Amino acid sequence: MNRSLLLIALGPVQEFIEQARRTRDVWFGSWVLSHLSKKVAQTLPREDLIFPTGKSLDSSDKRLSYSNQILAIVPDAKTAIAQARAAFDQEINSFVAQLDALLKKDQQSIYKHYPEIDKPDQIKAQLVDLFEFQYAYVEFHLDQEYAQQRKKLYQLYTARKNTRNFSSITWEQTLPRHERELEFPRNQRKPTIRSNKSSLDGWRTFVTNGEKSGENLSAVDLLKRELKPHDIDTTYPEGLDDFPSTSHMASLAFAEHINQSPLAREGWDRYIRNLRKNNYPFSEYLPKGERFKKIALFPNTEEHERLFDGSIIFESRLGEDLNNTEENKQLLKVFRSYLSEFIAAYAKDKTPPSPYYAIIAADGDKMGDLIDSITDVQIHRDLSKAVTSFAQAAAQILEEKYQAAVIYAGGDDVLALLPLHTLLEATKKISDLFVEYMKPLAEQQGVSTPTLSVGVAIVHHLEALQDSLQLARKAEKIAKKPRNALVIILSKRNGSDKTIVGKWSTSFHKNLTALVDAHAQHIIPDGFIFELDELLKRFDFNLINDPAERQQTLTIIESETKRILKRKQTQHAGQALFLTDEIVTQLHNIIAYCAAHTSNTAKPDQYLRDFIAMNLVARELATVQALFEAAQSQGVPQ
């Protein structure tokens, strides 16, 4: 029987998904690619599929994402490719038709901007040019040849990727139609109208202005902004067509704190009534539906209305849609006074909510080793089932237990937004979960169990989303070097980025959690970290070449560190307290851990810099955890 092993790959992936200004852009871009993969996979017989599994295509879980690669054994490769390509093209044409119809209904249609340019053609050309459909296949006669032929298949696919088709773009409009049709003498240069570019990707021709000032949108950007999942897939729930904002994710710890107090809830209702009384232009709400009920923490005082997005508790975002008039400036002062009164009355220590949230990007380690060990098709299908089950379980537990908003969960990849107060526990949970799903098959194959590396970017909610996503990817890439690791990059607006790295198999996570607890309970005085940092600045090991002198200098630094710890005090109930022996010992143990796992062995004092970075990250996480902590005395009287 003639059969072929077929691989179909769709794209682009990260560059398409992460060209975004809003979380909705990222999520919907991811959803569109997942939808295309599902539609292409559905053209193949279920029993022929290897990845994804045929059963997963029937899943009703809307959190589940589908990988851009589809692997199957087919009786006729050319027929299968033709059917898959037809389904792919049909979906792209559907996107174009729906977007065109939607824009024609809009009274503020894009066609008013350049009526002389055939925008519908440009929209279609940009979308058709965007998506990629690539494939490779090899003959597959005997099941015993599976591993060998699979290896050959991926070699062919890699070659295909490296020799992709390049052609001139068809959607760049440099002249109005009537000028393009004019004949020009050979010695006369045609006039050129320079096209404005999309403000999201910086190179596609923009076809309309965005809602925000200075925002230019291409057809690709419009696809992310205007279409809804239900328009494309009628099985997708209506109303679930938006995504929580970065501001909302940063606000969740504060919201939890407010919801613990009936008086604070009354204060919230009063704040909203005051805004309404002055005709505040509410514009951001949480998506409807059950999926985000765990983060629906800002109730609306009007019945049957959507719940508020957390952006209205940040002064920097309050009234951002108001026109810059004198009247609106006065209104904005009124709105901010209501917010200030609310925070002063009900926030812990009258402190405004933390403006920081986390993006996590996770990816499996040593999956290639496990796949290479597979010589049987059915075992590969078992692996596909295992990674699909992991993705479903991870997405569900992240959203239902840890208040996450999952952008993508498919195969061994996860991309999600999280509030800071659930971050450490959530990352540990999905790491353990991945090992749990991979371990049985790895033991069966006699290879080491794949692990999960997790990259985290802690970023300001107003930071450019594209930059924040790239930082999370950078953290993930760093984590993949040692593998089985957690990497956190803290990016503060008022300082340089701090990066900490630790393997799940060490005490890194436990030590970091202990530091967060200590800072949340104000056991560790802030001055200790900054005094240690100042101490290290006094010594430059690059100027010390003699090994004995370097060791002597390090001994001095270590002795001074112990002295700083011994004399440091913390405040509790107005009383100055020295650190207990137990806390000092705990800190020394964490310093010893950093010394044993230094991020740069070439620098003798690097482990102390790692310790400082751990504390700075812990302090940031502690600012939100402190909302749920009762202060505890952890010292001895002076």
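Structure: see above.
So, a few notes on the structure that sits alongside this text. If you're wondering where the values come from, they're calculated on a predicted model, not measured in any experiment.

Rules behind the numbers
Residues numbered from 1 in each chain as written. Predicted model: local features only at pLDDT ≥ 70, side-chain atom pairs only at ≥ 80, totals over all residues. Heavy atoms only, no water. Helix = DSSP H or I, 4+ residues; strand = E, 2+ residues; numbered from the N terminus. Buried < 20%, exposed > 50% of the residue type's maximum accessible area, 1.4 Å probe, protein only. Expected span 1.5 Å × (residues − 1). Contact = heavy atoms within 4.5 Å. Pairing = 2+ DSSP bridges. Axes fitted to C-alpha atoms, helices over the stretch in contact; angles between N-to-C directions. Arc of directions from axis to C-beta. Core = buried A, V, L, I, M, F, W, Y, C linked by side-chain atoms within 4.5 Å. Parallel < 35°, antiparallel > 145°, perpendicular 65-115°, else oblique. Left-handed = near helix turned anticlockwise from the far one by under 90°. Nonpolar A, V, L, I, M, F, W, Y, C, P; charged D, E, K, R; others polar. Salt bridge = Lys/Arg side-chain N within 4 Å of Asp/Glu carboxyl O. Phe/Tyr/Trp six-rings, centres within 6.5 Å; stacked < 30°, edge-to-face > 60°.

### A look at unusual backbone geometry
Following Gly-11, the chain continues to Pro-12 via a peptide bond in cis, the omega torsion being -10°. Mapped onto the elements, Pro-12 comes out in the loop between β1 (4-11) and α1 (14-17). Cis geometry marks the peptide bond from Phe-51 to Pro-52, where omega comes out at 0°. Among the secondary structure elements, Pro-52 is positioned in the loop between β2 (49-51) and β3 (69-74). Phi at Asn-279 takes a positive value of approximately 60°, unusual for a residue other than glycine. Relative to the helices and strands, Asn-279 is located in the loop between α10 (262-277) and α11 (326-346). For Asn-279, a relative accessible area of 66% translates into the label exposed. Of note, the phi angle at Lys-350 is positive, near 60°, even though the residue is not glycine.

### Here we look at helix α2 (residues 23-41)
The end-to-end C-alpha distance of α2, which contains 19 residues, comes to 27 Å, matching closely the 27 Å that a straight helix rising 1.5 Å per residue would cover. Burial of α2 is extensive: 18 of the 19 residues sit out of reach of the surface.

### Observations concerning the side chain of His-461
Inspection of the secondary structure puts His-461 in the loop between β10 (451-460) and α15 (465-479). Contact partners of His-461, with chain neighbours within four places excluded, come to Thr-246, Ser-247, Ala-250, Phe-314, Ser-316, Arg-317, Pro-355 and Tyr-357.

### Side note on the sheet that holds strand β4 (residues 132-139)
The strands making up a sheet are joined through hydrogen bonds of the backbone, oriented either antiparallel or parallel. With antiparallel pairing, 4 strands are arranged side by side in an open sheet as β2-β3-β1-β4. The sheet is open, and its two edges are formed by β2 and β4, each paired on a single side. Across the sheet, the mean angle separating the axes of adjacent strands is 20° when strand polarity is ignored. Pairing geometry for β1 and β3, over 6 bridges, is antiparallel.

### What to know about the pairing of strand β8 (residues 405-410)
Burial analysis of β8 places 6 of its 6 residues in the buried class, which makes it a mostly covered element. The pairing of β8 with strand β9 (residues 413-418) spans 5 bridges and is classified as antiparallel. Within the sheet, the bridge partner assigned to Gly-410 lies in β9 and is Asp-413. If you look at the hairpin formed by β8 and β9, you'll find 2 residues sitting between the two strands, and Gly-411 has a positive phi there, around 60°.

### Section: the sheet that holds β10
An order of β8-β9-β7-β10-β11-β12 is seen for the 6 strands of this open sheet, with the pairing classed as mixed. Only two strands of the sheet have a single partner each, and these edge strands are β8 and β12 (498-503). Across the sheet, the mean angle separating the axes of adjacent strands is 10° when strand polarity is ignored. Pairing of strand β11 (residues 485-490) with β12, which is carried by 6 bridges, proceeds in the antiparallel orientation. Bridge pairing in β12 links Leu-490 to Lys-498. Relative to β8, α2 is tilted by about 20°, and along the sheet it contacts β8 and β9.

### Overview of α10
Here α10 spans 23 Å end to end across 16 residues, near enough to the 22 Å set by a 1.5 Å rise per residue. Taken together, the buried positions of α10 are occupied by Ala-264, Gly-267, Trp-268, Tyr-271, Ile-272, Asn-274 and Leu-275. One side of α10 holds all its buried residues, which, seen down the axis, span an arc of 160°. Relative to its buried face, α10 has exposed residues pointing more than 90 degrees away, namely Pro-262, Leu-263 and Lys-277. Buried residues along α10 sit in contact with α9 (246-259) and α11. Trailing α10 by a residue or two, Asn-279 shows a phi angle of about 60°, which is positive.

### Quick look at the nonpolar core
Counting residues in each nonpolar core, the largest one holds 195 residues, and the members touching the most others are Phe-131, Tyr-271, Leu-398 and Ile-458. In terms of residue count, the dominant contributor to this core is helix α20 (residues 606-625) (12 residues). Setting aside chain neighbours within four positions, we find Ile-458 in contact with Tyr-356, Tyr-357, Ala-358, Leu-420, Leu-423, Ile-488, Ile-489, Leu-490, Ser-491, Val-617, Glu-620 and Leu-621.

### Quick notes on the side chain of Asn-511
Looking at the element boundaries, Asn-511 is found in helix α16 (residues 508-520). Excluding residues within four positions of it along the chain, Asn-511 makes contact with Ile-590, Tyr-593 and Met-614.

### Describing the packing of helix α13 (residues 377-401) against helix α14 (residues 423-445)
With their axes 10 Å apart at the nearest point, α13 and α14 run at an angle of 165° to one another. On the basis of their axis angle, the class for α13 and α14 is roughly antiparallel. Pair α13 / α14 crosses with right-handed handedness. Residues Ile-379, Asp-382, Leu-383, Ala-386, Val-387, Ser-389, Phe-390, Ala-393, Ala-394, Ile-397, Leu-398 and Lys-401 of α13 form the contact with α14, whose own contacting residues are Glu-425, Ala-426, Lys-429, Ile-430, Leu-433, Phe-434, Tyr-437, Met-438, Leu-441, Gln-444 and Gln-445. Residue composition of the contact of α13 with α14, grouped by class: 16 nonpolar, 3 polar and 4 charged.

### Brief notes about the pattern of salt bridges
Oppositely charged side chains can pair when the atoms bearing their charge come close. Enumeration according to the criterion identifies 23 salt bridges in this entry. Taking the shortest distance from any N to any O, the salt bridge between Arg-317 and Glu-284 comes out at 2.1 Å. Highlighted residues: Arg-317 in the loop between α10 and α11 and Glu-284 in the loop between α10 and α11, separated in sequence by 33 residues. Classification of Glu-284 as partly exposed rests on a relative accessible area of 25%. Among the ionic pairs, Lys-428 bridges to Asp-432, the shortest N-O distance being 2.9 Å.

### Remarks on the packing of aromatic side chains
Any two aromatic rings considered together are summarised by their centre-to-centre distance and by the angle between their planes. Under the counting rule described, the total for this entry stands at 23 aromatic pairs. Their ring planes at 65° and their centres at 4.9 Å tell us that Tyr-280 and Phe-282 sit as a pair that is edge-to-face. Exposure class is identical for Tyr-280 and Phe-282. Each is buried. Relative to Phe-335, the ring of Tyr-280 lies with its centre 4.9 Å away and its plane at 85°, an arrangement referred to as edge-to-face. Pair noted here: Tyr-280 is in the loop between α10 and α11 and Phe-335 is in helix α11, with a separation of 55 residues, a long-range link. Summarising the burial analysis for this pair, Tyr-280 and Phe-335 share the class buried. Chaining the aromatic ring pairs together yields one cluster made of Trp-27, Phe-28, Trp-31, Tyr-236, Phe-243 and Phe-292.

Interpretation in functional terms is not warranted from these geometric data alone.
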